[in-house]
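Take a look at the letters that make up each chain.
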Amino acid sequence: MRFVRYQVDGEVRHGVIEGDRVRELLRTFFDGVVPMATSYALDDLDLLAPCRPTKMLCLGINYRDHAEEMGHTLPEEPVLFMKPPTALAGPGQPIVYPHMAGRVDYEAELAIVIGRRCRSVPPEKVDKVIFGYTCFNDVTARDLQSKDGQWTRAKGFDTFGVVGPWIETDPGDPGRLSVTCRLNGEVRQSSRTDQLIVDCRSIVSWVSRIMTLEVGDVIATGTPAGIGPMQPGDEVEVEIEGIGVLRNTVEAEREKGAKPAHIL
Ligand code: MG
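Residues numbered from 1 in each chain as written. Predicted model: local features only at pLDDT ≥ 70, side-chain atom pairs only at ≥ 80, totals over all residues. Heavy atoms only, no water.

Draft legend 1. Quick look at the coordination of the magnesium ion. Looking at the magnesium ion, one finds its protein donor set to be Glu 107 (OE), Glu 109 (OE) and Asp 138 (OD), positioned 2.0 to 2.1 Å from the metal centre. Motif for the magnesium ion, donor spacing along one chain: E-x1-E-x28-D. The same class applies to Glu 107 and to Glu 109, which are both buried. (Donors = N, O, S within 2.8 Å, 3.2 Å for Na, K, Ca; no water. Buried < 20%, exposed > 50% of the residue type's maximum accessible area, 1.4 Å probe, protein only.)

Set out below in structure tokens:
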């Protein structure tokens, strides 16, 4: 099933996709699927990020092809970092290119969405806490990543954690999905999740041994080879087999600086 969040009459609603329509739900899909009579044409809705994570956890250097591209030897454990909840952006929302950055990259990633509050989940029980999967764009100020020596600034700007367009509960085997990034329609990243060094189940189990995972938390599994820069005006698409296409445009930060994040 595919679950969406959207806004109607100033209110955030939750829905399930039925063909080309969205059936409204009584409450958030994390609390059980209770369909209502109301439905909308999917194309007419402005979708929001499909969840409101308390944190976006991201893995670095978790694809064999990307580790080679960056000149890394294969790590024993992946790098784990976080994006603040204020970095969240949804499908169709502009990615803001900050004045402070000299190079801003796309990173197409498969992301896991947590459906149950949990801690120290053994690998064989991980399916109970995974709600579904979505597309993620781990937008990165590449120049600041190397300049700072750690990644909080490079990865943490508003709109640098792009999630959506929906949560798919059954995309097929998460270890066998194609991951594609297109910039202005041109393919820039093309890989498969069988290139992951640490697979999805092991990632969730490992991260849950470090910190409590909350409902709606997002774990991005790393990006494959082919990373590269974007410019204001570009359209970037992250497509994951069995899930869909996450599409955004890049825009320059306003002259006077960006406004505070307004996240629904
Ligand atoms: Mg990444």
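Draft legend 2. Examining the environment of Arg 103 more closely. Its place among the elements puts Arg 103 in the loop between strand E9 (95-97) and strand E10 (104-106). Given the relative accessible area of 32%, Arg 103 is considered partly exposed. In sequence terms Arg 103 and Thr 86 are 17 residues apart; their C-alpha atoms lie 21 Å from each other. Not counting chain neighbours up to four residues away, the residues in contact with Arg 103 comprise Tyr 97, Thr 140, Ala 141, Arg 142, Asp 143, Ile 227, Gly 228 and Pro 229. (Helix = DSSP H or I, 4+ residues; strand = E, 2+ residues; numbered from the N terminus. Contact = heavy atoms within 4.5 Å.)

Draft legend 3. Examining the pairing of strand E12 (residues 130-138) more closely. By the criterion of burial, E12 is predominantly enclosed, with nine of the nine residues buried. Judged from the seven bridges that link them, strand E11 (residues 108-114) and E12 form a sheet pairing that is antiparallel. If you follow Val 113 over to E12, its bridge partner there is Gly 132. One ladder, built from five bridges, connects E12 with strand E14 (residues 161-168); its direction is antiparallel. Each residue of the ladder has a partner; that of Phe 136, found in E14, is Val 163. (Pairing = 2+ DSSP bridges.)

Draft legend 4. Molecular detail of the sheet that holds strand E19 (residues 235-240). One open sheet accounts for five strands, arranged E9-E20-E19-E15-E16; its pairing is mixed. Strands with a single pairing partner mark the edges of an open sheet, and in this sheet they are E9 and strand E16 (186-192). On average, adjacent strands in this sheet sit at an angle of 20° to one another, irrespective of strand direction. Bridge analysis of E19 against strand E20 (residues 244-252) gives six bridges, and the strand direction is antiparallel. If you follow Ile 240 over to E20, its bridge partner there is Gly 244. (Axes fitted to C-alpha atoms, helices over the stretch in contact; angles between N-to-C directions.)

Draft legend 5. A look at the pattern of salt bridges. Throughout the structure, instances matching the rule amount to 20 salt bridges. We note a salt bridge from Asp 138 to Lys 83, for which the minimum N-O separation is 2.7 Å. In this pair, Asp 138 is assigned in strand E12 and Lys 83 in strand E7 (residues 79-83), connecting sequence segments 55 residues apart. The two residues Asp 138 and Lys 83 agree in class, both being buried. For the salt bridge of Lys 155 with Asp 138, the shortest nitrogen-to-oxygen distance reads 2.9 Å. With Lys 155 in helix H3 (residues 152-156) and Asp 138 in strand E12, the pair connects residues that are 17 residues apart, well separated along the chain. Each member of the pair Lys 155 and Asp 138 is classed as buried. Among the charged side chains, a network of salt bridges with common partners joins Lys 83, Arg 103, Asp 105, Glu 107, Asp 138, Arg 142 and Lys 155. (Salt bridge = Lys/Arg side-chain N within 4 Å of Asp/Glu carboxyl O.)

Draft legend 6. Summary view of the pairing of strand E1 (residues 2-8). Of all seven residues that make up E1, five are buried, and the element is covered over most of its length. Two elements, E1 and E14, share two bridges in a ladder whose sense is antiparallel. Among the inter-strand pairings, Arg 2 is bridged to a residue of E14, identified as Glu 168. Bridge count for E1 against strand E2 (residues 11-18) is six bridges, and the pairing is antiparallel. Directly across from Gln 7, in E2, lies its bridge partner Val 12.

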